[in-house]
Amino acid sequence: NRFGEVIDLVGGRRDIKHKTLRTIGNAQQRFEEDALRLFRACRFVAKLDFLPTEDLLEAMPKAFYRVPGLSLERVRSELDRLMLEPAVAKGLDVLVQSRLAECSCRVVENGVAREVPILPELYHLVNLPQEKDFHEFDGWYHTLAVVSNTDPDLTLRWGALLHDVAKGMPTVRAVVNGRLTDRGHDTLGAEMTETLLTRLGYPKSFVRRVAWIVKNHMRFHSLLLDYQLVTFMDDPSMEHPRKNALSRHDAVTHLLEDRTALVAFLSDLRHLKNHIVAAESG
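Report follows, based on the coordinates. (Residues numbered from 1 in each chain as written. Predicted model: local features only at pLDDT ≥ 70, side-chain atom pairs only at ≥ 80, totals over all residues. Heavy atoms only, no water.)

Points about the environment of Gly201
With respect to the helices, strands and loops of the structure, Gly201 is situated in the loop between helix 9 (185-199) and helix 10 (204-216). With sequence-adjacent residues up to four places away left out, Gly201 is seen in contact with Leu72 and Arg76. (Helix = DSSP H or I, 4+ residues; strand = E, 2+ residues; numbered from the N terminus. Contact = heavy atoms within 4.5 Å.)

Pasting the structure below:
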């Protein structure tokens, strides 16, 4: 107010302190008033790195019946903003685990409205087993980890989100010599990406760029470690990078430190998932 005092009638300061996201008043009513708030809740989780309350999570599915009335343009705008936020993985996890991404919005063409599925292709990645010799986490956590370690660029973030979208599909999932494989998931994934992003109304040039990332991401795997080692060893900020010829052991240690941070990040996501499951079972 004009005296410099903060008047908090809804407990906002407490929620900020505890990094908690909640609606003002009845959550279900707020979402039913404007279903776009469902997507904004996911975005605010990603923007603020807050944890949604159980009341908020419980209310989300009760308002899903309002989502088909949303225009594709509004939904796509919220998705794009979410994709660029700092805690993007947390926001995406709420989007998927709540099953909001399984809903449809609508587009009107020549005066005729038709439903547009939002992101149902992501659901089969949740709890999808991967070969343990190469992946410690399931398909969805692996995807979130990749997205979170990508620069906040829309093309890169979409490419990261969809790079393994075809894993586990019947035409690519197999067991060879007792190991899980997904040969050809890059090619099928690129096709799925083109279909998905075209359906969501993205420009053709954008669709082609993201599909290219998905189709070619496997080609970088054999080069990635050497590239990171060389980049780290040649870092001009290191003291005497050439004279000391920074050892590969030190470089690998650096990469393992990154892995430790990644494990901590995934642990945080598991906490969010447990929070969502608790809300659903409650």
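More follows now that the structure is in view.
Quick word on the pairing of strand 3 (residues 104-109)
As judged from the six bridges shared by strand 3 and strand 4 (residues 112-117), these two strands associate in the antiparallel manner. Of the residues in strand 4, the one forming a bridge with Cys105 is Val116. Between strand 3 and strand 4, which follow one another and run antiparallel, lie two residues, and Asn110 among them has a positive phi close to 55 degrees. (Pairing = 2+ DSSP bridges.)

Looking at the packing of aromatic side chains
For any two aromatic rings, the description comes down to two numbers: the centre-to-centre distance and the angle of the planes. Within this structure, the stated rule accounts for two aromatic pairs. Here the aromatic rings of Trp158 and Tyr202 are separated by 5.7 Å at their centres, their planes lie at 65 degrees, and the arrangement is edge-to-face. Taken as a pair, Trp158 in helix 8 (residues 154-162) and Tyr202 in the loop between helix 9 and helix 10 lie far apart in primary sequence, 44 residues in all. Its relative accessible area of 1% is what places Trp158 among the buried residues. An aromatic cluster is present here, built from Trp158, Tyr202 and Phe206 joined pairwise through their rings. (Phe/Tyr/Trp six-rings, centres within 6.5 Å; stacked < 30°, edge-to-face > 60°. Buried < 20%, exposed > 50% of the residue type's maximum accessible area, 1.4 Å probe, protein only.)

Notes on helix 8
Burial analysis of helix 8 places seven of its nine residues in the buried class, the great majority of the element. Taken together, the buried positions of helix 8 are Thr155, Arg157, Trp158, Gly159, Ala160, Leu161 and Leu162. On its buried side, helix 8 packs onto helix 5 (72-83), helix 6 (88-97), helix 7 (139-148), helix 9 and helix 10. Structurally, the start of helix 8 carries an N-cap: the backbone nitrogen of Thr155 is 3.0 Å from a side-chain oxygen of Asp153. (Polar contact = N/O pair within 3.5 Å; in protein donor to acceptor, adjacent residues only side chain to side chain.)

Focus on the pattern of salt bridges
Taken as a whole and assessed by the stated rule, the structure comprises 13 salt bridges. Each of Asp34, Arg40, Arg43, Arg74, Glu78 and Arg81 takes part in a single network of salt bridges with overlapping partners. (Salt bridge = Lys/Arg side-chain N within 4 Å of Asp/Glu carboxyl O.)

Things to note about helix 3 (residues 36-48)
Taking 1.5 Å as the rise per residue, helix 3 with 13 residues should run 18 Å; its terminal C-alpha atoms sit 18 Å apart, in good agreement. Turning to helix 3, its buried residues number three or more, namely Leu36, Leu38, Phe39, Ala41, Cys42, Arg43, Val45 and Ala46. Elements in contact with the buried residues of helix 3: strand 1 (20-21), helix 2 (27-33), strand 2 (51-52), helix 4 (54-59), helix 5 and helix 6. Positive backbone phi, approximately 60 degrees, marks Asp49, located one or two places after helix 3. (Expected span 1.5 Å × (residues − 1).)

Concerning the environment of Val88
Inspection of the secondary structure assignment puts Val88 in helix 6. We classify Val88 as buried; its relative accessible area is 1%.

Side note on the pairing of strand 5 (residues 173-176)
Pairing analysis gives four bridges linking strand 5 to strand 6 (residues 179-182), with the strands arranged antiparallel. Paired with Arg173 across the strands is Asp182, a residue of strand 6. With antiparallel pairing between neighbouring strands as the criterion, strand 5 and strand 6 make up a hairpin whose turn holds two residues, including Asn177 at a positive phi of roughly 55 degrees.

Some points on a nonpolar patch on the surface
On the surface, Ile7, Leu9, Val10 and Ile24 cluster together into a nonpolar patch covering about 450 Å² of accessible area. Along the polypeptide, Val10 turns up in the segment before helix 1 (12-17). Owing to a relative accessible area of 46%, Val10 belongs among the partly exposed residues under this scheme. (Patch = residues over 30% accessible without salt bridge, like charges linked within 9 Å, V, L, I, M, F, W, Y side chains within 5 Å. Areas by Shrake-Rupley, 256 points an atom, 1.4 Å probe, with all protein chains shown as cover.)

Description of the state of the cysteines
Taken as a whole and judged by the stated rule, the model has zero disulfides. Among the cysteines around Cys105, which has no disulfide bond, Cys103 carries the closest sulfur, lying 9.6 Å off. (Disulfide = S-S within 2.5 Å.)

Quick look at the side chain of His217
Turning to its location among the elements, His217 is positioned in the loop between helix 10 and helix 11 (221-233). Side-chain polar atoms of His217 contact the side chain of Asp164, separated by 3.3 Å. Beyond its immediate stretch of four places on either side in the chain, His217 contacts His163, Asp164, His185 and Asp186.

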